[in-house]
Amino acid sequence: MPSIDLDQNATTPLDPEVFEAMRPHWLSGGNPESRHALGRGARRALEQSRESIARILGASPDEVVFTSGGTEANNLAIFGVLGEDSGLRARDSTGIQIVTSPIEHPAVAEVVGRLATEGVAIDQAPVETDGRVDVAAMAALIRPETKLLTLMLANNETGAIQQVGELAKLANLQGVPVHTDAVQAVGRIPVNFRDLGVATLAASGHKFHGPGGIGLLLVRKGVKLSPRNFGGGQQNGRRPGTPAVALTVGMARALERWENEAKERSARWAKLTDRLESGLSEALGADRAIRNGPSDPGNRLPQTLNISFPGLDGDALLMQLDLAGVAVSLGSACASGATEPSPTLKAMKIPEDRLRASVRMSLGARTTENEVEEALARIIAVVERIRSAQD
Ligand code: PLP
């Protein structure tokens, strides 16, 4: 059996049906801004994608801003809500505070870190040992200078689903906007922008079997967003540039596929991750394969499993699993290569011997039972081999 991809929180393979849906748009040409028939066709496709995405995510079409991916969407949201434009002008950052969490992806954490160097005050909310942020404590960090709260919807490493709706309720009472990075949530669990009550929400096509190079930011009506780019005025000037029509069609189709199959995918994922977890703990011992993250399945992504193998070195394990044809990851994929223990697991106060021995397994829409059984056998064999070499 070829390599088994259990690293689908890093990225997912393109759905062939999505590929087919995009094909005519790659080949037809037509700029959606042009006033001839070709242009009108491209605009129709673009606006249909926008409408479909908006309907599935509980937004209205004019609240959808297409971006190049999740990273750009997060940057646009945070700088944009703060009223920062190109970043070149001198700004007075004193007297501005942002409330965030220590488990954010670098696409948020680095933005906040950059603002900190410019004098913006940053407060981080505490995290429970199951990887969920204490949102009451987070809201309690709001003060008159607070300009923004940012909390991800689902964590990329543990799958912990955050209580973003609860946070937004508390923040909205005080008139403070909330941004959520929903890059790992969209296409994995139902997400409704309106119900969440947030000001902005970021998502990315390549996490749910859509194409890479496309993402989106939902911006609630009435929220003022300064642009990061300046140009032709497309997307109401919020994100100018000729939209990549084929990519928007692909992202919309991938989301429609999720909507049609959501129940079936979620049930299968839950069954397969349960099987991985129980198979590992039965074969290796419950204290030698320990889940990091919420124990309540309702509080975590159904296709993500973060497991520590105490006493083993995660880097070595990852390499051995790669040789055995199982792709997994350590910490955040975007930060791979870093040997520092993951800030997310550290914030959860995971003990030292589990910190460096944690592996993330994440499934995709087409992961099969056979693949999971085969991966399980390979992982058990690798862990036992490393352990016996250590003894
Ligand atoms: N936010 C989270 C939670 C992620 O997991 C990722 C990617 O791994 C990103 C943002 C960045 O998204 P993109 O790769 O589309 O820029």
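Given the structure is predicted, the values throughout are model-derived calculations rather than measurements. (Residues numbered from 1 in each chain as written. Predicted model: local features only at pLDDT ≥ 70, side-chain atom pairs only at ≥ 80, totals over all residues. Heavy atoms only, no water.)

### Topic: the domain arrangement of the protein chain
Part 1 of the reasoning: Splitting the protein chain by domain gives domain 1 (4-12 + 262-390) and domain 2 (16-255).
Part 2 of the reasoning: Facing the 31 residues of domain 1 at the interface are 27 residues of domain 2.
Part 3 of the reasoning: Buried surface at the junction of domain 1 and domain 2, summed over both partners, amounts to about 2,400 Å²; 51% is from carbon and sulfur atoms.
Part 4 of the reasoning: Across the contact surface, domain 1 and domain 2 share 0 salt bridges.
Part 5 of the reasoning: Residue composition of the side of domain 1 that touches domain 2, grouped by class: 11 nonpolar, 17 polar and 3 charged. (Domains from an automatic or database assignment. Contact = heavy atoms within 4.5 Å. Buried area = accessible area lost by both parts, 1.4 Å probe. Salt bridge = Lys/Arg side-chain N within 4 Å of Asp/Glu carboxyl O. Nonpolar A, V, L, I, M, F, W, Y, C, P; charged D, E, K, R; others polar.)

### Quick word on the sheet that holds strand S4 (residues 121-124)
Part 1 of the reasoning: Pairing is mixed across the open sheet formed by 7 strands, whose spatial order is S2-S8-S7-S6-S5-S3-S4. Of all strands in the sheet, those bounded by a partner on one side alone are strand S2 (64-67) and S4. Strand-to-strand, the axes of this sheet are offset by a mean angle of 20°, without reference to chain direction.
Part 2 of the reasoning: Note: strand S3 (residues 97-100) against strand S5 (residues 146-150), 3 bridges, orientation parallel. Directly across from Val99, in S5, lies its bridge partner Leu149.
Part 3 of the reasoning: The strands touched by helix H6 (residues 164-173) within the sheet are S5 and strand S6 (178-181), with S6 carrying the most contacts at an inclination of about 165°. (Pairing = 2+ DSSP bridges. Helix = DSSP H or I, 4+ residues; strand = E, 2+ residues; numbered from the N terminus. Axes fitted to C-alpha atoms, helices over the stretch in contact; angles between N-to-C directions.)

### Some remarks on the sheet that holds strand S12 (residues 358-362)
Backbone-to-backbone hydrogen bonds join strands into a sheet, with any given pair of strands oriented parallel or antiparallel.
Part 1 of the reasoning: Pairing is antiparallel across the open sheet formed by 3 strands, whose spatial order is S9-S10-S12. Both edges of this open sheet fall to strand S9 (290-291) and S12, since each of them pairs with a single strand only.
Part 2 of the reasoning: In terms of strand pairing, S9 meets strand S10 (residues 304-308) through 2 bridges, oriented antiparallel. Bridging across to S10, Arg291 finds its partner in Ile307.
Part 3 of the reasoning: Of the strands in this sheet, S9, S10 and S12 are in contact with helix H8 (residues 245-284), which crosses S10 at around 15°.

### Comments concerning the site of the ligand
Part 1 of the reasoning: Neighbouring the ligand are 15 residues; Thr71, Asp181, Gln184, Ser204 and Lys207 lie closest to it.
Part 2 of the reasoning: Between the ligand and the protein, one listed contact pairs a nitrogen atom with a side-chain N or O atom of Asp181 at 2.7 Å.
Part 3 of the reasoning: Considering every element that reaches the shell around the ligand, the biggest residue donor is helix H3 (residues 70-81), with 3 residues.
Part 4 of the reasoning: Here the residues of the shell around the ligand are counted per class, giving 4 nonpolar, 9 polar and 2 charged. (Near = heavy atom within 4 Å. Polar contact = N/O pair within 3.5 Å; in protein donor to acceptor, adjacent residues only side chain to side chain.)

### Some thoughts on helix H2 (residues 37-57)
Part 1 of the reasoning: For H2, which comprises 21 residues, the first-to-last C-alpha distance of 30 Å matches the rise-based estimate of 30 Å (1.5 Å per residue) to within 8%.
Part 2 of the reasoning: Listed as buried for H2 are Gly39, Ala42, Ala45, Leu46, Ser49, Arg50, Ser52, Ile53, Ala54, Ile56 and Leu57.
Part 3 of the reasoning: Taken together, the buried residues of H2 touch helix H1 (16-28), S2, helix H7 (193-196), strand S8 (215-219) and H8.
Part 4 of the reasoning: Gly58, located one to two residues past H2, shows a positive phi value of around 70°. (Expected span 1.5 Å × (residues − 1). Buried < 20%, exposed > 50% of the residue type's maximum accessible area, 1.4 Å probe, protein only.)

### Brief notes about the side chain of Arg132
Part 1 of the reasoning: The topology assignment puts Arg132 in the loop between S4 and helix H5 (135-139).
Part 2 of the reasoning: It is Asp130 that comes nearest to the buried, bridge-free Arg132 among opposite-charge side chains, at 4.2 Å.
Part 3 of the reasoning: Here Asn299 takes part through its side chain, which lies 3.4 Å from a polar atom of the side chain of Arg132.
Part 4 of the reasoning: When near neighbours in sequence (up to four residues on either side) are disregarded, Arg132 contacts Val127, Ala160, Ile161, Gln162, Gln163, Pro294 and Asn299. (Lys, Arg positive; Asp, Glu negative; His and termini not counted.)

### So, the packing of aromatic side chains
Pairs of aromatic rings are described using the distance from one ring centre to the other and the angle between the two planes.
Part 1 of the reasoning: Overall, the coordinates contain 1 aromatic pair when judged by the stated rule.
Part 2 of the reasoning: Between Trp258 and Trp269, the aromatic rings sit 6.5 Å apart at their centres with planes inclined by 15°, giving stacked as the arrangement. We note that Trp258, like Trp269, is buried. (Phe/Tyr/Trp six-rings, centres within 6.5 Å; stacked < 30°, edge-to-face > 60°.)

### With respect to helix H12 (residues 369-390)
Part 1 of the reasoning: For H12, built from 22 residues, the straight-helix expectation of 32 Å at 1.5 Å per residue is met to within 8% by its first-to-last C-alpha distance of 32 Å.
Part 2 of the reasoning: Along H12, the residues that are buried comprise Val372, Ala375, Leu376, Arg378, Ile379, Ile380, Val382, Val383, Ile386 and Arg387.
Part 3 of the reasoning: The secondary structure elements touched by the buried residues of H12 are strand S1 (4-5), H8, helix H9 (314-323), strand S11 (326-327) and S12.

### Section: unusual backbone geometry
Part 1 of the reasoning: One non-glycine residue, Gln235, lies in the positive phi region at around 50°.
Part 2 of the reasoning: Residue placement: Gln235 occurs in the loop between S8 and H8.
Part 3 of the reasoning: Its relative accessible area of 12% is what places Gln235 among the buried residues.

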